[in-house]
Amino acid sequence: MDTVISIRSVSKTYESSRGPVTSLSQVDLDVAQGEFVTLVGPSGCGKSTLLNLVAGLLRPTTGEVLVNGEPVEGPGPDRGVIFQQYALFPWLTALQNVEFGLRLQGLKKKERRERAQRYLELVGLGAFGSSLPKELSGGMKQRCAIARAYAVHPSLLLMDEPFGALDALTRVQMQDDLLATWQQERRTVLFITHDVDEAVYLAGRVIVMSPGPGRISDVIDVPLAYPRTEEMRLSPEFAEIRGRVWRGVHHPPAVATPVSEGALK
Ligand SMILES: Nc1ncnc2c1ncn2[C@@H]1O[C@H](COP(=O)(O)OP(=O)(O)OP(=O)(O)O)[C@@H](O)[C@H]1O
């Protein structure tokens, strides 16, 4: 099993106007090649901080973050990041938005165009290549952002509440579409959500985080096969896992003892 992400005894303290704020304390986590891992937990427990450390947008105060065995020293094309806000260039068409990252990689125009079109098709936007972002719905914009991230062939996708701004029905559809894309091209995914249902439905493993200071308080395997279906979502097995995640999020352990991932397996 190849490990893509290794987080080793990571703590992060921000210097703020209120003094130092410890956002993460002694976090350990390994994520294997091709895994779909969700991070869930109450607001302020350090989910985005953890993701931004892996993205290379932040540096840990202590400990280390490795991606494919190399210490993370900044952002890189091996890590695609998708945020809640679609972050598409409004003056570029959907196709040009997807092509943008490929241009940075130095691909020739014809190859760029073909690859961008292929990924738009993969996310169901094949007919919308010439549309501007303002002409697309929220779900379509986010599909376009996913196509753009996938097209550069990152080894890792980091998603920070990508469906947080979508209505409930679109969100469920996007979950299925994302899983379909992931099953076709099995990139490793680290996905933040506030939604317990979403966390369980998508993941092979749910990481529950707790605040004060931010830490991993539970690691829950989801032993449901892919593709995931509505039947699974409504099954007693799903409800049981969901219950455990729910309790972890809403009733975190009172003592701020960091839980090492290995101890929970
Ligand atoms: N730049 C910063 N300066 C000071 N404190 C920060 C900064 N960024 C985050 N924090 C603090 O670190 C803690 C964790 O924040 P983080 O955004 O990682 O949590 P989160 O779990 O992603 O929250 P949410 O679910 O609300 O997005 C919070 O207490 C927050 O106030």
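Owing to the predicted nature of the structure, the values given are computational and were not obtained by experimental measurement.

Procedures and definitions
- Residues numbered from 1 in each chain as written.
- Predicted model: local features only at pLDDT ≥ 70, side-chain atom pairs only at ≥ 80, totals over all residues.
- Helix = DSSP H or I, 4+ residues; strand = E, 2+ residues; numbered from the N terminus.
- Expected span 1.5 Å × (residues − 1).
- Buried ≥ 20, exposed ≤ 12 C-beta atoms within 10 Å, placed from the backbone.
- Arc of directions from axis to C-beta.
- Contact = placed C-beta atoms within 7 Å.
- Pairing = 2+ DSSP bridges.
- Domains from an automatic or database assignment.
- Nonpolar A, V, L, I, M, F, W, Y, C, P; charged D, E, K, R; others polar.
- Axes fitted to C-alpha atoms, helices over the stretch in contact; angles between N-to-C directions.
- Parallel < 35°, antiparallel > 145°, perpendicular 65-115°, else oblique.
- Left-handed = near helix turned anticlockwise from the far one by under 90°.

Draft legend 1. Examining helix H5 (residues 168–184) more closely. Counted at 1.5 Å a residue, the expected span for H5 with its 17 residues is 24 Å, and the 25 Å between its end C-alpha atoms agrees. All buried positions along H5 are accounted for by Arg171, Met174, Gln175, Leu178, Thr181 and Trp182. Viewed end-on, H5 has its buried residues packed into an arc of 135°, placing them on one side of the element. When the buried face of H5 is taken as reference, the exposed residues oriented beyond 90 degrees from it are Leu169, Gln183 and Gln184. In this fold, the buried residues of H5 make contact with strand E3 (36–40), helix H3 (109–122), helix H4 (138–151), strand E8 (188–193) and helix H6 (196–202).

Draft legend 2. A look at the sheet that holds strand E2 (residues 19–32). Reading across from one edge, E2-E1-E4-E5 is the order of the four strands in this open sheet, with antiparallel pairing throughout. If you trace the sheet from one side to the other, it starts and ends with E2 and strand E5 (70–71), each paired once. The pairing of strand E4 (residues 62–67) with E5 spans two bridges and is classified as antiparallel. By the bridge assignment, leucine 66 is partnered in E5 with proline 71.

Draft legend 3. Representation of the domain arrangement of the chain within the structure. Considered domain by domain, the chain is made up of domain 1 (3–78 + 157–170 + 187–264) and domain 2 (86–153). Taken over C-alpha atoms, the centre of domain 1 sits 27 Å from the centre of domain 2. Each partner contributes to the interface: domain 1 provides seven residues, whereas domain 2 provides six residues. A class-by-class count of the residues in the side of domain 1 that touches domain 2 yields six nonpolar, one polar and no charged.

Draft legend 4. Structural view of the sheet that holds E3. Reading across the sheet, the six strands line up as E6-E7-E8-E3-E9-E10 and stay open at both edges, with mixed pairing between neighbours. Whereas interior strands pair on both sides, the edge strands pair on one side only; in this sheet they are strand E6 (79–82) and strand E10 (215–221). Adjacent strand axes in the sheet meet at a mean angle of 20° when their direction is disregarded. Where E6 and strand E7 (residues 156–160) come together, four bridges link them in parallel fashion. When the bridges of E7 are listed, glycine 80 appears paired with leucine 157.

Draft legend 5. Quick peek at unusual backbone geometry. Note that the residue after glycine 212, namely proline 213, is joined by a cis bond; omega there is -10°. Position of proline 213 relative to the elements: it lies in the loop between strand E9 (205–210) and E10. With an omega of 0°, the peptide bond running from tyrosine 226 to proline 227 counts as cis. For proline 227, the location among the structural elements is in the loop between E10 and helix H7 (230–233). If you check the backbone angles, serine 9 has positive phi at about 45° while not being a glycine. With respect to the element layout, serine 9 can be found in strand E1 (residues 3–16).

Draft legend 6. Main features of the packing of helix H2 (residues 94–104) against H3. In the contact formed by H2 and H3, the axes pass within 9 Å of each other and the chain directions differ by 125°. Regarding the angle of H2 to H3, the classification is oblique. Once H2 is placed against H3, the crossing between them reads as right-handed. Across the interface between the two elements, Ala94, Leu95, Val98, Glu99, Leu102 and Arg103 from H2 touch Arg112, Arg113, Arg115, Ala116, Gln117, Tyr119 and Leu120 from H3. Across the contact of H2 with H3, the residue classes break down as seven nonpolar, one polar and five charged.

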